[in-house]
Structure formats: structure tokens, C-alpha cells
Amino acid sequence: MRIEWLNQEALQHGGVTLGAALAAAPVAVVGVADGVSRRGFMKAGAVAGGGLMLGFFLPGAGKLAQAADAAPAKPAYAPNAFLHIAPDNTVTVQVNRLEFGQGVQTSLPMLIAEELDADWSLVHGALAPAGEQYKDAAYGMQMTGGSGSIAHSFTQYREIGAKARAMLVGAAAAQWKVNPDQVRAAKGVLYGPGGQKATFGELADAAMRQPVPTTVKLKDPRDFAIIGQPVKRLDAAAKSTGKQQFGIDFKPPGAKVAMVARPPVFGAKVAKFDASKAKAIKGVLEVLEVKTDRGGSGVAVIADGYWPAKQGRDALVIEWDTSAVEKVSSDQQLAAFKALAKTPGTVAKPADMGKLAKAPKKIEAVYEFPYLAHAPMEPLNCVVDLQADKCTMWVGSQFQTGDQAAIAATSGLKPEQVTLHTMMAGGGFGRRAVPSSDYVVEAVNVAKAYRAAGKSGPLKLMWSREDDIKGGYYRPSHVHRAQIGFDAKGKILAWDHTIVGQSIMAGTPFEAFMVKNGVDGTMVEGMGEPYTLPMKLSVHTAKANVPVLWWRSVGSTHTAFVMETLIDEAAHVAKMDPVAYRKQLIDAKHTRHIAALDLAVAKSGYGRKKLPKGQAWGVAMHESFNSVVAYVVTASVVQGAPRLHQVWAGVHCNLAVNPLTIEAQVQGAALMALGMTIPGAAITLKDGVVQQQNFGDYPVPRMPDMPVIEVHLVPSGDAPTGMGEPGVPPLAPAFANALFALTGKRLRKLPFDLAAA
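Residues numbered from 1 in each chain as written. Predicted model: local features only at pLDDT ≥ 70, side-chain atom pairs only at ≥ 80, totals over all residues. Heavy atoms only, no water.

Asker: I'm lost on the overall build of the protein chain in this one. Help?
Answerer: Looking only at helices and strands, one finds 20 helices and 32 strands in the protein chain. Looking at the protein chain as a whole, 60% of its 757 residues qualify as buried. In the protein chain, of all internal contacts separated by at least 6 residues, the share reaching a separation of at least 24 is 77%. About 29400 Å² of surface is accessible on the protein chain, with carbon and sulfur atoms providing 53% of the total. (Helix = DSSP H or I, 4+ residues; strand = E, 2+ residues; numbered from the N terminus. Buried < 20%, exposed > 50% of the residue type's maximum accessible area, 1.4 Å probe, protein only. Contact = heavy atoms within 4.5 Å. Areas by Shrake-Rupley, 256 points an atom, 1.4 Å probe, with all protein chains shown as cover.)

Quick look at the structure:
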């Protein structure tokens, strides 16, 4: 691991101290008019075991509510919406996100513990259930996505800790009859001017009787003891010893297992079915027709356990009615997309193309990107207990607010009658954040059919790996067409660019502020930036009977590949070094890009170090979710197959709350991005049916594929930006650029196919 630690110079930003910079940040970070509301904190009543319970709420409409012109949300509190300091000195922090590998169950408690001056060894994180008080203020809903967990909660969680500390200090001062300014807190202990000493736990009950401060002063980052340090994850021991319970592990007493046979074509319906063979299998209890996603229907098999449920489902004989739904075939779709790319589209960014036709040098390129499955290690699952007057669900949800509302609507209950417990999840990458709440709604429909059959009790809906890969909601397929004109010296005169693909935002709660003038902003994100280019950008939004969704790093999964390979190609036309060429084109305002690129170059030895025979350098960089990642890589071709050897990452994400988490995020993102390049890593359809079903025909990278990855952070004193996704986009283009240096072949599609290039 290589981390560049904060230094005193980095704590200055434009002549302003970091403390002042952060003090000015809440409006931008949390997205509400007055930052964290002074009325947004409260104390709970008595709690079992005693101690200090502090609640929090961020009022005001977020982006979603603003887009819908809705009234600001009313403050809401619940007993579990609190920081709890127990008499035994343990500190439990409710984490308002889903933990599915990204580390928020450690990083968010770090923010509170820092301002609280807690003993980190006694701090615990707990995943919060669905609740109004846990909504992301920037989006107006409880969610995990957009790499916003730390960025949107940075000020909120710090203020929680600071206010709790002030209440503890006030309690100590009252007990010792001294001025609060004379009381000092450190590592879970309060110290008085006369040698007095008390632990947080000893004063927690007394602190409950203190008023909640209206304002608090947050720490100057120079005084941070926890934030910025490489802190080991709180869940590491449980996960590495197999003790951690994930959603797929949870099964309440008496629960039955349900598996659903879904239509082979999205939205198709059951014409008729024969359940006799399924019912003959020992352990099978019920076979029921149920509603499935996109207006379709399927058949649910309910059994005592997973294996009899799966055997029962395999034994079903079903005739499907596919007459009313479109049957997509990938080869036909690709041909249609390529044809569309040659026609005028909706202009997202205008520019004069008058110089293109007569340009003495040109690049004409067509790029192809397939559908991609998310394929998290833990397939989809949830447990639902539907009763006449309430419904309880246990699920690893990225969209607690949306899923809770969908459960209520499907079950005919009120939202307040629905309890959603957030479970630890084994990956997601967007698949557990579905606006249609597909598998959650399906589980409720199965439970409704089960009750209609006269049965009751909790049901555990299980998806197999095959269900997960064939089950829809993919990263959309895209085609890009670029025409770039150069003068005789290689200067870009005009760049005409067209993108064809499905919109992932249309029909979702995000459409109102993400789709403008007919253009889905995620489809074009990153195009042109950070370079000064005469680019005309057009879009064709296609429709297809294939459910699509955000995939880790969203539109940047394809736009970064196109931009960074074309910029590399343009550097070759201009006969310039690719790094020097990029720096020449970068707009002067993009200082963070230059810093990240320079860091990666410096640490790699690019341009100075001699590589082994048969290896070559590749470079790419990209900004997503307000963070910049630059990669310098080395690669080779071994027996006709591309091989990535080493990766150096220069990362600019502003203040690093936990450098260890960021290192893990970048390494995991780079490996996931490497997966996009592996032959066979594509979802294809034939007559509406997905052709892949498991890792045998939809490969993911494995240990032998993993390169050495060094992560270097640019020191910064600004408030944190997102890091869950930015490591994905620039990896594949850096790899492709290295392969060009080796082979002279420009790779125009993912996954890689050197033979066809």
C-alpha cells in the first residue's frame, strides 16, 4: 500500500485553513439550505440499559423532492435512530446505509467517534432499518449509491459526535461544579481541572439530562486522531472467520424457502403449467402462480429448504406466452444501433463541425459495449413475513425508502405498517438499488399467494446464480461513433460524437433531474472532460425489452473507455507522449486531474523506468462522482492473450477519511473493471432469451488475473468526495492503450478481442 499522508501544506486550501473550508462545506455536501439543522437533534427517552441516546434528522427536500416540487419532509424520530453511549462505555453508531463491502460500517462511525473523542476500541456500527430519519439529504431518500455515503454524511455524522460530546462535557461540568471549558474529553474519558475523571459510560445518563446544543464547533482537521488514519474495518474479524451474518444466511424460525420460475423472455406470462412432478418431491409444500417483474408472471415453489425448492422448480413443466413482448437479439440490436449512430440525434452539446469535412487528418471509430450483469457474490434474496396488519422484511437493500414504499403498495398496507431491516450484503454494484424493487415486490407477491392458499409464516425468497445472471437489470449496451478531424500538425479541429443506448433514468424517481431535453445525463457523463475540445455530442435513446440499470460507475463504464482511448489515439496522431498530450489539453481549472495524473506517473516511473521485454505502458484518467483516478499500467500479450501486470493509481478524492478503505475500494474497482475486458464478459440475447447463466459462460476475474495495484492519494484538505465507483472507469482504457503500444491494434469494443481488432 502506498498512501501520501496529509501534511501541513495540504491543510491549506487557497489560503484558507481546512477547518474554515469544511465549515463552509455543509451546504454543498448535504444539500440543504442551512446544513445540519439546529432543530434536527433530539434526545430519546429512557432506553433499556440506560446511557445517552442522541437522534438526528436532516430536514428539507432533497433532489428528488425538489424535482417533484414536494413539500419539505417533516422531522421524524425513532428510538433506534440514535448514537447510543452505554453505561459500559461502548458506543454504537447507527449507519444509515447498506454495508456491502465498501466499508461504511467503519468509516461513518469514524466520523462520529472523531468528534466525540471516543475510545475507538469500544465503537461499534449497526445497520439502520428503513426510516425517515435516515434519508440521504441530497437525494431525499434512504439509499446507498452514487458514491455518496461519506460525501453526504461527512458533516452530519461529525455534528452528531460533537453534540454528544458537548452534552457529556456539560454533565461532567455540572457534576464537578466547574466551567465546561475546563473539561477535556479524550478516548472515552472526561477529565476535570482538579484531577477529576469519569468515563463516557459513567456520565451517559447524566448527559441525557443536558440540553442538546444549538451549535457546536467542529474540530480543526489538524487535531484529527481518527479521521485520516488507516483504520482496520470493524467487520473484518467477523467476515474473515465466517461469523458475519449476511442476508442470505438469515432464516427466522419456521421460515420456508421460495424459488420462482420466471419467464425466459422479460415480461412474458405463464400460459399453463403442470406442478405434479414438483409436488411429488419431498419437502415441497406449495406451487403457486405469481406476478413477476415487468408485468409478467411465474410459478413459485415453496418448500422446507433451498434444495427441495430448487428441485421442485426444476421439475415444473411450464408453457410460456411470449406473444405480447419484444424478443431482443443482440446481433440485430447492434446492427440497429450502428445504423442509428450514423443519423442525427438529440444534441447534448453543440459545436461547429464546419472544419471536419476538410480536415487533413481524421479518426473515424465505432465502439461497441455489451450488456453487463452485476453478478455480486451473494445472489439476490430476502425474507418476508406478511401478516394481515403488518409486513416485516429482512433484505440487503440499497434503496430502503423505495423498497419500503413498494412493499407497502404491493401488500396493500400503509408505509408505517412495513418494517424493513437492513441486512449485510455480499456485493451489489447497483443491482440492489432497483427503482421497480423487482425482487422485493416479487417476494411480497409470493407471500400474498401463500396467504391466499391458507398458509402463513415467514418466507425466504432465494435466487440462484443462474437466476441472478439471467434475471435482468443490466448495464445497458451502447454504440459510440466518433469522427475527429486534425490539422496537419495533429491539433484537433472538430470532434463529432454520437452515442446510442437505453436510458437508465427514464421512468425512475431520478428522471426529473437526470434527464434534460431528452438526454439522460448518465449516458454522456464524462464526455469531453477534462479536456478543451471542439466536441459536438449527440444522443439516440433507444428502447428495448431488456431491463437496464446503473452498474458500478454508471455511464462512465463506457464513456471513459471511449474518451481515454481516443485521446491516446489523438496523441499518436500528434506524435506526442500520451501523458504530455493529456496535460496540454486539460482545462486549467482541472488541477485535481493534473495532480492525480502526476502522482500516478511519478510513482510508476513512467518514462524513466525501463520495462521488461514484451511489456508496455498504458495511461488513462477519469473523474466520476467528483473524484479523479489516474492509472498507469504495464501489460503484455502472452500466447495471444492480454495480461495486466501492474497498476499505479493516483487518486484525488479530497480528504481521505479512511485511507485503508480507499485503497480497498480502488483495488476492488480495478479488478471489477478488468472483468469488463475478459473474453466472454458480455450478456447477449437470442430471441429475447439471455444466453449466459453462470460464471462458466459469464466469466469474472479470478486470482491469477489480479495485477499488483499500488494506490496513492493526493493530499487534500477539502471535504471528501465519492470513492465507491471512480476506480472503475479508467482501468480498461489504460489497459487497452498499453495493448496498442504492444500490438499497434486499437481496441474498439469490450470485452477485448485482439484477434478481431
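Having put the structure on the table, let's press on.
Asker: When you look at the environment of Val260 in this model, what are you seeing that I'm missing?
Answerer: Within the fold, Val260 resides in strand E11 (residues 256-261). Here the alpha-carbon distance between Val260 and Ala300, two residues 40 residues apart in the chain, equals 4.2 Å. Beyond its immediate stretch of four places on either side in the chain, Val260 contacts Val290, Thr292, Val299, Ala300, Arg313, Glu442, Val446 and Leu461.

Asker: Which parts of the structure should I look at to understand the nonpolar core?
Answerer: In globular proteins that are soluble, nonpolar side chains generally tend to be buried together. In terms of nonpolar packing, the biggest core is built from 112 residues, with Trp495 and Tyr631 touching the most fellow members. Membership of the second largest hydrophobic core comes to 50 residues, among which are Ile160, Leu203, Ala206 and Ala207. (Core = buried A, V, L, I, M, F, W, Y, C linked by side-chain atoms within 4.5 Å.)

Asker: I would appreciate a short explanation of the packing of helix H17 (residues 578-585) against helix H18 (residues 591-604) in the present structure.
Answerer: The relative placement of two packed helices is expressed as an angle between their axes plus a distance between the axes. Where H17 contacts H18, the two axes come as close as 11 Å, and the packing angle between them is 165°. Judged by the angle between their axes, H17 and H18 are roughly antiparallel. Of the two possible hands of crossing, H17 and H18 adopt the one that is left-handed. Within the contact between the two elements, H17 uses Val579, Arg582 and Lys583 and H18 uses Ile594, Leu597, Asp598 and Val601. Considering only residue class, the contact of H17 with H18 consists of four nonpolar, no polar and three charged. (Axes fitted to C-alpha atoms, helices over the stretch in contact; angles between N-to-C directions. Parallel < 35°, antiparallel > 145°, perpendicular 65-115°, else oblique. Left-handed = near helix turned anticlockwise from the far one by under 90°. Nonpolar A, V, L, I, M, F, W, Y, C, P; charged D, E, K, R; others polar.)

Asker: Looking at this structure, I do not really get the pattern of salt bridges. What am I missing?
Answerer: Pairing of side chains with opposite charge becomes possible as their charged atoms draw close. Within the structure shown, the criterion is met by 24 salt bridges. Residue Arg97 pairs with Asp136 through a salt bridge whose shortest N-O separation is 2.9 Å. With a gap of 39 residues between them, Arg97 in the loop between strand E6 (91-95) and helix H4 (104-116) and Asp136 in the loop between strand E7 (123-127) and helix H5 (149-176) connect regions that are remote in the sequence. The residue Glu115 makes a salt bridge to Arg165 at a minimum N-O spacing of 3.8 Å. Of this pair, Glu115 sits in helix H4 while Arg165 sits in helix H5, and the two are 50 residues apart along the sequence. Given a relative accessible area of 0%, Glu115 falls into the buried group. Under the relative-accessibility criterion, Arg165 is labelled buried at 18%. (Salt bridge = Lys/Arg side-chain N within 4 Å of Asp/Glu carboxyl O.)

Asker: Looking at this model, I keep getting lost on the sheet that holds strand E27 (residues 615-624). Mind explaining?
Answerer: Sheets are built from strands paired through backbone hydrogen bonds, the pairs being either parallel or antiparallel. Ordered by their spatial adjacency, four strands build an open sheet running E27-E28-E29-E32, and the pairing between neighbours is mixed. This sheet does not close on itself; its edge strands, each paired only once, are E27 and strand E32 (708-713). Averaged over neighbouring strand pairs, the angle between their axes works out to 20° when direction is ignored. Relative to strand E28 (residues 627-638), E27 runs antiparallel, the two sharing ten bridges. Paired with Met621 across the two strands is Ala630, which belongs to E28. Sheet strands touched by H18: E27, E28, strand E29 (641-652) and E32. Its angle to E29, the strand with the most contacts, is close to 125°. (Pairing = 2+ DSSP bridges.)

Asker: What's the story with the sheet that holds strand E9 (residues 189-191) in this structure? I'm lost.
Answerer: Strand order in this open sheet of three strands is E8-E9-E10, and the pairing throughout is antiparallel. What marks the edges here is a single partner per strand, and that holds for strand E8 (184-186) and strand E10 (197-199). Strand-to-strand twist in this sheet, taken as the mean axis angle between neighbours without regard to direction, amounts to 25°. Sheet analysis places E8 next to E9, joined by three bridges and oriented antiparallel. The residue of E9 that forms the bridge with Ala185 is Leu190. Sitting on the sheet, H5 touches E8, E9 and E10, and the angle it makes with E9 is about 45°.

Asker: How should I be thinking about the state of the cysteines in this particular structure?
Answerer: Here a disulfide denotes one covalent bond, and it connects the sulfur atoms of two cysteines. Applying the stated criterion across every chain yields a total of zero disulfides. With no disulfide of its own, Cys382 lies closest to Cys391 among cysteine sulfurs, the gap being 9.4 Å. On the basis of relative accessibility, which here comes to 1%, the residue Cys382 falls in the buried class. (Disulfide = S-S within 2.5 Å.)

Asker: What's the story with helix H20 (residues 731-743) in this structure? I'm lost.
Answerer: Helical geometry note: an α-helix holds 3.6 residues per turn, so side chains three or four residues apart project in the same direction. Relative to the 18 Å expected for 13 residues at 1.5 Å per residue, H20 spans 18 Å between its end C-alpha atoms, a close match to the ideal helical length. When you tally the buried positions in H20, you get ten out of 13 residues, the bulk of the element. When H20 is considered as a whole, its buried residues turn out to be Leu731, Ala732, Pro733, Ala734, Phe735, Ala736, Asn737, Ala738, Leu739 and Phe740. Packing partners of the buried residues in H20 comprise helix H16 (556-573), H17, E27, E28, E29 and helix H19 (659-675). Phi turns positive one or two residues past the end of H20, at Gly744, with a value near 75°. (Expected span 1.5 Å × (residues − 1).)

Asker: Where do I start with the packing of aromatic side chains in this structure?
Answerer: Both the distance between ring centres and the angle between the ring planes are used here to describe each pair of aromatic rings. Following the criterion strictly, the structure yields 15 aromatic pairs and no others. Plain terms: the ring middles of Tyr139 and Phe510 are 6.2 Å apart, the flat faces sit at 80° to each other, and that makes the pair edge-to-face. With Tyr139 in the loop between E7 and H5 and Phe510 in the loop between strand E23 (492-502) and helix H14 (511-514), this pair connects stretches of sequence that are 371 residues apart. Taken as a pair, Tyr139 and Phe510 share a single burial class, namely buried. Both rings, one in Phe399 and one in Phe510, keep their centres 5.9 Å apart while their planes meet at 40°; by these two values the pair is tilted. Linking Phe399 in the loop between strand E19 (391-395) and helix H11 (400-411) with Phe510 in the loop between E23 and H14, this pair joins segments that are 111 residues apart in sequence. Judged by relative accessible area, Phe399 falls into the buried class, the value being 4%. A connected cluster of aromatic rings, assembled from ring pairs, spans Tyr139, Phe399, Phe510, Phe513 and Trp550. Lying across the ring of Trp463, Arg262 places its NZ or CZ 3.9 Å from the centre. (Phe/Tyr/Trp six-rings, centres within 6.5 Å; stacked < 30°, edge-to-face > 60°. Lys NZ or Arg CZ within 6 Å of the ring centre and 35° of its normal.)

Asker: In this structure, what is going on with the environment of Ala664? I would like to understand it.
Answerer: Its location among the elements puts Ala664 in helix H19. Sequence spacing of Ala664 and Gly101 is 563 residues, and the spatial spacing of their C-alpha atoms is 9.4 Å.

Asker: How do you make sense of H4 when you look at a structure like this?
Answerer: Compared with an ideal rise of 1.5 Å per residue, which puts 13 residues at 18 Å, H4 spans 18 Å between its outermost C-alpha atoms and is within 8% of the ideal. Of the residues trailing H4, Asp117 is marked for its positive phi of about 60°.

Asker: Could you clarify how one ought to interpret the packing of H5 against helix H6 (residues 200-208) in this entry?
Answerer: Remark: H5 packs on H6, axes separated minimally by 9 Å, with the N-to-C direction vectors making an angle of 90°. When the axis of H5 is compared with that of H6, the two are roughly perpendicular. Note on element contacts: H6 touches H5 through Phe200, Leu203, Ala204, Ala206 and Ala207, opposite Met167, Leu168, Ala171, Ala172 and Gln175. A class-by-class count of the residues in the contact of H5 with H6 yields nine nonpolar, one polar and no charged.

Asker: When you look at the confidence of the model for the protein chain in this model, what are you seeing that I'm missing?
Answerer: Any region with low pLDDT has predicted coordinates that should not be read closely. Looking at the protein chain as a whole, the pLDDT averages 90, with 90% of positions reaching at least 70. Residue range residues 57-61 is modelled with pLDDT below 50. Its contacts to residues more than four positions away, or to other chains, number 22 contacts. Counting interchain partners and residues more than four positions distant, the pLDDT-below-50 stretch residues 64-80 has 33 contacts. (pLDDT = per-residue confidence, 0-100.)

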